[in-house]
Amino acid sequence: MSESPRYAPGWPGIEPRWTSSAKSGMGTALNLHSRVWFTLSHGILNEVYFPRVDQACTRDLGLIVTDGAGYFSEEKRHCIFENTPFEPGIPVFELRNIEKNGRYRIEKEVLTDPYRNVVLQKVRFIPLQGKLSDYRLYALLAPHLANWGADNTGWCGDYKGVPMLFAERDGVALAFAHSAPWRKMSVGFVGFSDGWQDLSKNFQMTWEYARAEKGNIALTGEIDLEATGGEFVMALGFGSIWSEAGQQVRGSLAESYEELRHHYVWHWKNWQNGLLKLDEPRREHDLYRSSVAVLRAHESKDFLGGVIASLSIPWGFDKGDEDLGGYHLVWPRDLAETAGGFLAAGAPGDALRVLRYFEATQESDGHWAQNLWLDGRPYWKGLQMDEAGFPILLIDLLRREAPLALGHLDRWWKLVSKAAGFLVRNGPVTQQDRWEEDAGYSPFTLAVEVAALLAAADMADVAKQPEIAAYLRETADCWNDNIEFWTYATGSDLARQVGVDGYYVRIAPPETDCAASPIEGFVPIKNRPVGENLQAAVHLISPDALALVRFGLRAPDDPRILNTVKVIDALLRTKLPQGYCWYRYNGDGYGEHSDGSPFNGTGLGRPWPLLAGERAHYEIAAGRKQAAEDLLKVMELSAECGRLIPEQVWDTEDIPDLELFSGKPTGSATPLVWAHSEYVKLRRSLRDGRIFDQPAQTVQRYQVEKKIAEYFLWSYNNKCRTMPKGKKLRLVLLAPALVHWSMDGWSHAKDTQTRATGLGTYIVDLPTASLDHDQDVVFTLYWTDEERWDEVDYTVVIDHHKT
């Protein structure tokens, strides 16, 4: 190379893109020293994360093979891939990439240095036609440092005499070297001056650019096949500055690879050996060990207990820097499900770390952000009421399964009381359902809310707060009593078509006056084109209703549940090569288009293996163990060789050119940690013969005792104009007030002061239980803190249609 650096032309390069989200492997060292995570797809390294599991730093790193004259082959495009985990539950991956015409084979073993921020690949290049000297081998690396493909700067250099390729952006740097010196190095702008452009045109490195600044860049190095004998170790290291990254790489390459591998494997085996042996006897396509490894490998090493949803970016090959978060964010719902998976596997310490993370990231008003970066910063701004309930249920599950690990409940009462307060102040309506799309009354959310309130009531008793405990149970009873009014549709054309009298809808839109059931409203469909994005609530069905059984509010043989199962199966069940699976809801638009092109804001929803696991739990509750076993197999066969369960699977004819095959992962997200949690819990439930995470309180109160609410609730977000006969009307306000009320049309009036509940609400109970049909109570409010009247009279009529 010349004395002065040659700057690469073509700034800033083409618009950056991420890569395939259909991962075939992922891993990290199981200790806190190595803060680097890797993913695999198409036989090569994909996104590598550093220094946190929510911060991607590369697009991909693969090899290119030429003959120096007229042959060009890129392993990720021109090979047949084999991916074999070293051992179930040990995230060391053995890759075999065989060129489609049989000219060469590349063998790799991928892991991380357990003591440094370095990803290691032990590589062997084997010519299947000709001899080693007939080939030239090149490594091509695309940095996307700190979650960003643009504005990366790269250069060719060395660390204390060891030639390396470097890149940096925004306080993060990488260094790339292998166990022998590079023959040549170059850095360029993608699409113009990068190594791929050079090699695909010239079949050897003719460009040797020393530096490319602030763009979408790629680093290229030629490996000396003859000097290495075709066997070498590649090291990709990271640091806050280039010298730190270089030092990490040099340190790893100086160590015995076999010794580092031994330590990496030992740490993982030691953790796995402490878990329950739910995989005995072992199944043919057993995913237990790989599933618990997925849960653990997605945990942060800086923010302990913070587990992201997936080391992937859905449809990443079609996404650029605008999709900053991908799925490498924390979703509180997914996080609680992950903790449940840890508990099911017999790892209470891991679950307790999750609980402590919940404690540290709870907002001041008691809720958790819709999703968040590991440090607690909210990403999206929605509110999902189930995400305020799940941490309470996690404490309740720990209390049952691992009381010694949980310790005294006083330690957790602050978290519980704040979360329960948020629920009673803002529920039962949710701003978003669990699919993050619509507001309203969701059977799934309602089930979580009611179960969480009852669990919180038990903890209030332990905390010697009997008034709060009673209030929480009374609120839960009121919401439970109204689930059918809010979400159970009867007499519809769909009911007649399926041959049932009714069913639970996916979600009913929020309404404020209670004059009619919210089921009579319309629901927007978020991911459908204009003209197809609004449906009557009675026409939308989801497996979400089975949460009423999962969380214990309704029995599996309740006629309303049985009716709903019939409708779910009529509309949402599909037959895949591995068995039955289900869609999220009819009309779902979150998935590829019909031609296989990626989701781009609209599309068609595909089956979720997760939902097969949820259905299996229903089958266990119904006493049909074999049906649950069959659905466990559906989850297992939805994974490919890397043993990773996808978010969605393809459900129609194969499209080989787009890598879409019936029953196999789509481009959405693989792995989905939530799905692996469900798989682990299903293994535990099958072993125990009962739903592992079903709360006991709801079953006892609503299935055994058949508790009926004493009150009917009125609040500012639920201004009911009618109520059933025989109940007291409870006004639930967010500030102290004097209630001026009458039950004879203002002929006689009374004043009653609200009382504080201790959870941020103020209540008054009006003696309406004696009123007959069509009689009413009228009231108005005087806000004592503000010293003003509401200047509105509210009327609630006893409705003979409500029971």
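Look up a bit, the structure's there.
Every value quoted in this text rests on a predicted model; they were computed, and no experiment measured them. (Residues numbered from 1 in each chain as written. Predicted model: local features only at pLDDT ≥ 70, side-chain atom pairs only at ≥ 80, totals over all residues. Heavy atoms only, no water.)

## What to know about the overall build of the protein
Reasoning step 1: Across its full length, the protein carries 21 helices and 33 strands.
Reasoning step 2: Compactness check: the protein gives a C-alpha radius of gyration of 29 Å against a globular reference of 28 Å for 803 residues, within 12% of the reference.
Reasoning step 3: Considered along the principal axes of its C-alpha atoms, the protein spans approximately 100 × 55 × 55 Å.
Reasoning step 4: Going through the 803 residues of the protein one by one, you find that 63% of them count as buried.
Reasoning step 5: Contacts spanning at least 24 positions in sequence make up 69% of the contacts within the protein whose residues lie at least 6 apart.
Reasoning step 6: Once the 85 positive and 109 negative side-chain charges of the protein are each reduced to a mean point, those two points are 4 Å apart. (Helix = DSSP H or I, 4+ residues; strand = E, 2+ residues; numbered from the N terminus. Rg over C-alpha atoms; globule rule 2.2 N^0.38 Å. Buried < 20%, exposed > 50% of the residue type's maximum accessible area, 1.4 Å probe, protein only. Contact = heavy atoms within 4.5 Å. Lys, Arg positive; Asp, Glu negative; His and termini not counted. Charge placed at Lys NZ, Arg CZ, Asp CG, Glu CD.)

## What to know about the environment of D569
Reasoning step 1: By the element assignment, D569 lies in helix α17 (residues 559-572).
Reasoning step 2: C-alpha separation for the pair D569 and S742, spaced 173 residues apart in sequence, amounts to 50 Å.
Reasoning step 3: Residues within four places of D569 in sequence aside, it is in contact with W582 and R615.

## Let's talk about the sheet that holds strand β26 (residues 728-733)
Reasoning step 1: Read from one edge of the open sheet, 4 strands run β24-β26-β30-β29, paired in mixed fashion. What marks the edges here is a single partner per strand, and that holds for β24 (711-715) and β29 (755-756).
Reasoning step 2: When β24 meets β26, the two strands line up parallel, connected through 5 bridges. Bridge pairing in β26 links L713 to R730.
Reasoning step 3: Packed onto the sheet, helix α13 (residues 466-481) meets β24, β26 and β30 (762-766) and runs at close to 90 degrees relative to β24. (Pairing = 2+ DSSP bridges. Axes fitted to C-alpha atoms, helices over the stretch in contact; angles between N-to-C directions.)

## Considerations on the environment of F72
Reasoning step 1: Looking at the secondary structure, you find F72 in strand β5 (residues 72-74).
Reasoning step 2: Judged by its relative accessible area of 17%, F72 falls in the buried class.
Reasoning step 3: Sequence spacing of F72 and V123 is 51 residues, and the spatial spacing of their C-alpha atoms is 19 Å.
Reasoning step 4: In this structure F72 touches I64, V65, T66, H78, W196, L199, S200 and F203, once residues within four positions along its chain are discounted.

## A closer look at the sheet that holds strand β11 (residues 152-159)
Reasoning step 1: A sheet is described by the order of its strands in space; here 9 strands give the open sequence β6-β7-β8-β9-β17-β13-β12-β11-β15, paired in antiparallel fashion. The sheet is open, and its two edges are formed by β6 (79-87) and β15 (211-215), each paired on a single side. Here the strands of the sheet are splayed against their neighbours by 20 degrees on average, with no regard to which way each runs.
Reasoning step 2: Alignment of β11 against strand β12 (residues 162-169), held across 7 bridges, turns out to be antiparallel. Its bridge partner lying in β12, C156 is registered against L165.
Reasoning step 3: Against the sheet, helix α4 (residues 242-254) makes contact with β9 (118-127), β11, β12, β13 (172-178) and β17 (231-239), and its axis sits at roughly 150 degrees relative to β17, the strand it touches most.
Reasoning step 4: Together, β6, β7 (90-99), β8 (104-112), β9 and β17 form the strand contacts of helix α5 (residues 257-273), whose direction differs from that of β7 by roughly 125 degrees.

## Quick word on the pattern of salt bridges
Reasoning step 1: Within the structure shown, the criterion is met by 71 salt bridges.
Reasoning step 2: Between E532 and R528 there is a salt bridge, with the nearest N and O atoms lying 2.4 Å from each other.
Reasoning step 3: When its relative accessible area of 39% is taken as the criterion, E532 is described as partly exposed.
Reasoning step 4: By relative accessible area, R528 is classed as buried at 17%. (Salt bridge = Lys/Arg side-chain N within 4 Å of Asp/Glu carboxyl O.)

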